[in-house]
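Topology and contacts: notes
Next come the chains, spelled out residue by residue.
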Number of protein chains: 2
Amino acid sequence: MKVSATEEHGLRCLMRLAIAWKAGESVTIPEVARCEGMSPPYAAKLVAMLRRADLVRSVRGVKGGVGLSRAPESITLTQAMSALAGSPVRTGPCMGPEGVRCDRQGTCGLRGVWDRVTTVVTGVLDGVTLADLVANGRSEAGGGDSRSGVAAPARWSSEPRA
Amino acid sequence: MKVSATEEHGLRCLMRLAIAWKAGESVTIPEVARCEGMSPPYAAKLVAMLRRADLVRSVRGVKGGVGLSRAPESITLTQAMSALAGSPVRTGPCMGPEGVRCDRQGTCGLRGVWDRVTTVVTGVLDGVTLADLVANGRSEAGGGDSRSGVAAPARWSSEPRA
DNA sequence: ACGAATCTTGACAAAACTGTAAAGATTGCC
DNA sequence: GGCAATCTTTACAGTTTTGTCAAGATTCGT
């Protein structure tokens, strides 16, 4: 199993936007790119995927920029990974919607295994929010359910840029 | 996250070898390929990877063939996936042995998340053996710890082919 | 109205992954 | 010894994934 480059880089963009949200600032795509060490066009592409999933909101024009569409506390990694890869865990050619070939009686116990893997991974990912990821100091790899305070001040739509 | 085609197809080869083990038979690579619906050269490549990890034993020559190197009850999916992909779960460019870029204070909570994902996935994969995968009927997606009987009769090295 | 800053989109090149092919090595049988 | 069956290895083409590029669209300030 592998977490793709797109997933990891997309998550980093989201983390940067979560930091900006907490600081009450707005950022541009080139800024995100510079902070995360990637090229502006690449960051733009990733942010576009996240925007199509409604995780990110963008404003065009000279005072424009990008930001989370809601509080980082309310965005889970399951949602983020789904936006970046279609589904948090994808299985090989034998499974999937059209999973034919698996009909052979008794010879394909793989499906049950992948289902269980999907369940436990989703469980972990559901328990982590963007706010957890950017929480400095300890507990960044901690318990899981740390949906604490900071109840989403409507920053973005009102004051697009500092 | 995605399970690769190599992992899935390699696992299917192993399942076929586990079936042959239980039946007390020896098989050739073309037979494995036919049973699992892949080309003989592809099956050969996958079996070679598994052999290098000592999960599979092979005998060349006219009476040759391939088989598991030990009982299917004693081969876990963690071991199989490691043989096929280096590690049961691989993370992106930001992590890994040389995982530089993650040193930025507080901005990289991803490491802890991937560690936890690795832990839970490995937990599931450790609890499933090749014997579980080829056990017909129910419990193929069941509890996990079903290391029942069949204590590895030394079939392979003694009688290479039926 | 014009121009600069910014996001949006689609096409494209580079890299990694999948699967195929061909030549080589080993063994058993005659 | 020679032939056929079988595994082994390396090289290769096809496909998907990654990341870049360029042209277009939108907004703000003047």
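Residues numbered from 1 in each chain as written. Chains lettered and ligands numbered in written order. Predicted model: local features only at pLDDT ≥ 70, side-chain atom pairs only at ≥ 80, totals over all residues. Heavy atoms only, no water.

Some thoughts on the overall build of chain A
From N to C terminus, chain A includes six helices and two strands. The secondary structure elements of chain A, listed N-terminal to C-terminal, are α-α-α-β-β-α-α-α. Burial analysis of chain A (162 residues in total) assigns 49% to the buried set. Pairs at least 24 apart in sequence give 66% of the contacts found in chain A among residues at least 6 apart. In the form shown here, chain A has an accessible surface area of approximately 7,500 Å², with 54% of it arising from carbon and sulfur atoms. (Helix = DSSP H or I, 4+ residues; strand = E, 2+ residues; numbered from the N terminus. Buried < 20%, exposed > 50% of the residue type's maximum accessible area, 1.4 Å probe, protein only. Contact = heavy atoms within 4.5 Å. Areas by Shrake-Rupley, 256 points an atom, 1.4 Å probe, with all protein chains shown as cover.)

Some remarks on the confidence of the model for chain A
All names here are of chain A. Here chain A averages 83 in pLDDT, and 74% of its residues register 70 or above. The model gives residues 96-101 a pLDDT under 50, and that stretch makes six contacts with residues more than four places away or in other chains. In this model residues 140-162 is a low-confidence stretch, pLDDT under 50, and it forms 42 contacts with partners more than four residues away in sequence or in other chains. (pLDDT = per-residue confidence, 0-100.)

Notes on the protein's contact with DNA strand C
Close to DNA strand C lie 26 residues; Ser58 of chain A together with Ser4, Ser39, Tyr42 and Arg60 of chain B are nearest. Taking all atoms of DNA strand C within 4 Å of the protein, the share assigned to sugar and phosphate is 79%. Taking arginine 60 of chain A, its side chain carries an N or O atom lying 3.2 Å from a sugar or linking oxygen of DNA strand C. Between a phosphate oxygen of DNA strand C and a side-chain N or O atom of histidine 9 of chain B, the distance comes to 3.2 Å. Elements that contribute at least two residues to the surface near DNA strand C include exactly α2 (29-36), α3 (40-52), β1 (56-59) and β2 (65-68) of chain A together with α1 (5-23) and α3 (40-52) of chain B. When its residues are assigned to classes, the surface near DNA strand C shows nine nonpolar, nine polar and eight charged. (Near = heavy atom within 4 Å. Polar contact = N/O pair within 3.5 Å; in protein donor to acceptor, adjacent residues only side chain to side chain. Nonpolar A, V, L, I, M, F, W, Y, C, P; charged D, E, K, R; others polar.)

Observations concerning the pattern of salt bridges
A complete count under the given rule lists six salt bridges over all chains for this structure. When the shortest N-O distance is used, the salt bridge between arginine 12 of chain A and glutamate 36 of chain A registers 3.1 Å. With arginine 12 of chain A in helix α1 (residues 5-23) and glutamate 36 of chain A in helix α2, the pair connects residues that are 24 residues apart, well separated along the chain. Taking relative accessible area as the criterion, arginine 12 of chain A reaches 2% and is therefore assigned buried. Glutamate 36 of chain A gets classed as buried once you look at its relative accessible area, which sits at 5%. Ionic pairing is found between arginine 90 of chain B and glutamate 7 of chain B, a salt bridge with its closest N-O pair at 3.7 Å. You can see arginine 90 of chain B sitting in the loop between α4 (77-85) and α5 (110-126) and its partner glutamate 7 of chain B sitting in helix α1, a full 83 residues away along the chain. (Salt bridge = Lys/Arg side-chain N within 4 Å of Asp/Glu carboxyl O.)

Quick notes on the pairing of strand β1 (residues 56-59) of chain B
Residues in a regular strand project their side chains so that they alternate between the two faces of the sheet. All names here are of chain B. Sheet analysis places β1 next to strand β2 (residues 65-68), joined by four bridges and oriented antiparallel. If you follow arginine 57 over to β2, its bridge partner there is glycine 67. Here β1 folds back onto β2 in antiparallel fashion, the turn holding five residues, of which glycine 61 has a positive phi close to 95°. (Pairing = 2+ DSSP bridges.)

Structural notes on the protein's contact with DNA strand D
Near DNA strand D you find 27 residues, and of these Ser39, Tyr42, Arg60 and Val62 of chain A together with Ser58 of chain B are the closest. Looking at DNA strand D alone, sugar and phosphate atoms form 76% of those within 4 Å of the protein. Between serine 58 of chain B and DNA strand D, the recorded distance is 2.7 Å, taken from a side-chain N or O atom to a phosphate oxygen. Those elements that place two or more of their residues in the surface near DNA strand D are α1 and α3 of chain A together with α2 (29-36), α3, β1 and β2 of chain B.

Structural notes on the environment of alanine 135 of chain A
Looking at the element boundaries, alanine 135 of chain A is found in the segment after α6 (130-134). On the accessibility criterion, alanine 135 of chain A (22% relative accessible area) is partly exposed.

Notes on α2 of chain B
Residue and element names in this part refer to chain B. The complete set of buried residues in α2 reads Val32, Ala33 and Glu36. Relative to the axis of α2, the buried residues are bounded by an arc of 100° and lie together on one face. Buried-residue contacts for α2 involve α1 and α3. Glycine 37 occupies a position one or two residues after α2 and carries a positive phi of about 70°. (Arc of directions from axis to C-beta.)

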